[in-house]
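# An overview of the molecular structure
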Amino acid sequence: MHRKLVFPALVAATLAIGSAGAGTLSPTFVVQVAIQNSCLASFATVDFGTVTDASSLSNSAAGSVTCTNVGPVTVTFGNGTGGGTAAAGRKMANGANTITYNLYKEVAHTNILGDGPGGTVNANFTSVAATANPITVYGLTAAAQSGKPTGLYQDTITVTVGF
């Protein structure tokens, strides 16, 4: 009698295992691509010309940032290599001699271009894909800078484009 009970138990266990393996499984997975922006920047020289008095000179230069895709762009402007700071006044140098000036976001010379803090602003915009996004830089030398030694005064500004 014990044999009869064991055999039906084995058949039932085998059927239960067989029916457990007959189910379905529906896993999911992600398909994705990350689109990255790439940008190039170009800026012309802000040239105040050849003068006898460096006081209150103004001029502008065109610049542009061209990106491969649409996206937010931040353009910051460094202090320069001439020894000044954006907030206090940048300096064009000729040896130890300097001419104080600054770079502005608009022709009214209101907002100093810099990296954001310390009273400066940067240029923020949303890029248009494969299009030169224009940025005009307006320069202005400080007043009362006559009597400077002759020579070429220069400063080099680092422009950083974040995208």
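The following paragraphs examine the structure supplied in this document.

Thresholds, definitions, all that
- Residues numbered from 1 in each chain as written.
- Predicted model: local features only at pLDDT ≥ 70, side-chain atom pairs only at ≥ 80, totals over all residues.
- Heavy atoms only, no water.
- Helix = DSSP H or I, 4+ residues; strand = E, 2+ residues; numbered from the N terminus.
- Buried < 20%, exposed > 50% of the residue type's maximum accessible area, 1.4 Å probe, protein only.
- Contact = heavy atoms within 4.5 Å.
- Areas by Shrake-Rupley, 256 points an atom, 1.4 Å probe, with all protein chains shown as cover.
- Pairing = 2+ DSSP bridges.
- Axes fitted to C-alpha atoms, helices over the stretch in contact; angles between N-to-C directions.
- Core = buried A, V, L, I, M, F, W, Y, C linked by side-chain atoms within 4.5 Å.
- Polar contact = N/O pair within 3.5 Å; in protein donor to acceptor, adjacent residues only side chain to side chain.
- Lys, Arg positive; Asp, Glu negative; His and termini not counted.
- Salt bridge = Lys/Arg side-chain N within 4 Å of Asp/Glu carboxyl O.

## Observations regarding the overall build of the protein
Each helix and strand counted, the protein has one helix and 10 strands in total. A buried classification covers 26% of the 163 residues belonging to the protein. Taking the contacts inside the protein whose residues are at least 6 apart along the sequence as the reference set, 73% of them involve residues at least 24 apart. Here the protein has roughly 10600 Å² of accessible surface; of this, 59% comes from carbon and sulfur atoms.

## Examining the sheet that holds strand 3 (residues 71-77)
Ordered by their spatial adjacency, three strands build an open sheet running 8-3-10, and the pairing between neighbours is antiparallel. Of all strands in the sheet, those bounded by a partner on one side alone are strand 8 (123-127) and strand 10 (159-162). Each strand axis lies, on average, 20 degrees off the axis of its neighbour in the sheet, ignoring direction. Summarising the sheet, strand 3 and strand 8 pair through five bridges and their orientation is antiparallel. If you follow Val-73 over to strand 8, its bridge partner there is Phe-125.

## Comments concerning the nonpolar core
In terms of nonpolar packing, the biggest core is built from 19 residues, with Val-65, Val-73, Val-75, Phe-77, Met-92, Phe-125 and Ile-135 touching the most fellow members. Mapped onto this core, the elements with two or more residues apiece are strand 2 (58-67), strand 3, strand 5 (97-104), strand 8 and strand 9 (132-141). When neighbours within four sequence positions are excluded, Val-73 is seen to be in contact with Cys-39, Val-65, Cys-67, Ala-123, Asn-124, Phe-125, Ser-127, Val-161, Gly-162 and Phe-163.

## Focus on the pairing of strand 5
Of the pairings in the sheet, the one linking strand 4 (residues 90-94) to strand 5 comprises five bridges and is antiparallel in character. Within the sheet, the bridge partner assigned to Arg-90 lies in strand 5 and is Tyr-101. In this structure, the hairpin formed by strand 4 and strand 5 is closed by a connection of two residues, where Gly-95 is found at a positive phi of approximately 65 degrees. Both strand 5 and strand 9 contribute to a ladder of four bridges, which runs antiparallel. Along strand 9, the bridge assignment pairs Tyr-101 with Thr-141.

## Focus: the side chain of Asn-102
Among the secondary structure elements, Asn-102 is positioned in strand 5. Looking at Asn-102, its side chain comes within polar contact range of the side chain of Arg-90, at 2.6 Å. Leave out the neighbours within four places in its chain, and Asn-102 touches Thr-85, Ala-86, Gly-89, Arg-90, Ile-112, Tyr-138, Gly-139 and Leu-140.

## Looking at unusual backbone geometry
One non-glycine residue, Ser-56, lies in the positive phi region at around 50 degrees. Summarising the element assignment, Ser-56 is placed in the loop between strand 1 (39-43) and strand 2. Judged by relative accessible area, which is 46%, Ser-56 ranks as partly exposed. One non-glycine residue, Ala-130, lies in the positive phi region at around 55 degrees.

## Topic: the side chain of Asp-155
The residue Asp-155 is located in the loop between strand 9 and strand 10 in this model. The buried charged residue Asp-155 lacks any salt bridge partner; its closest oppositely charged side chain belongs to Arg-90, at an N-O distance of 5.3 Å. Here Thr-81 takes part through its backbone nitrogen, which lies 2.6 Å from a polar atom of the side chain of Asp-155. A distance of 2.7 Å separates the side chain of Asp-155 from the backbone nitrogen of Gly-82, its partner in a polar contact.

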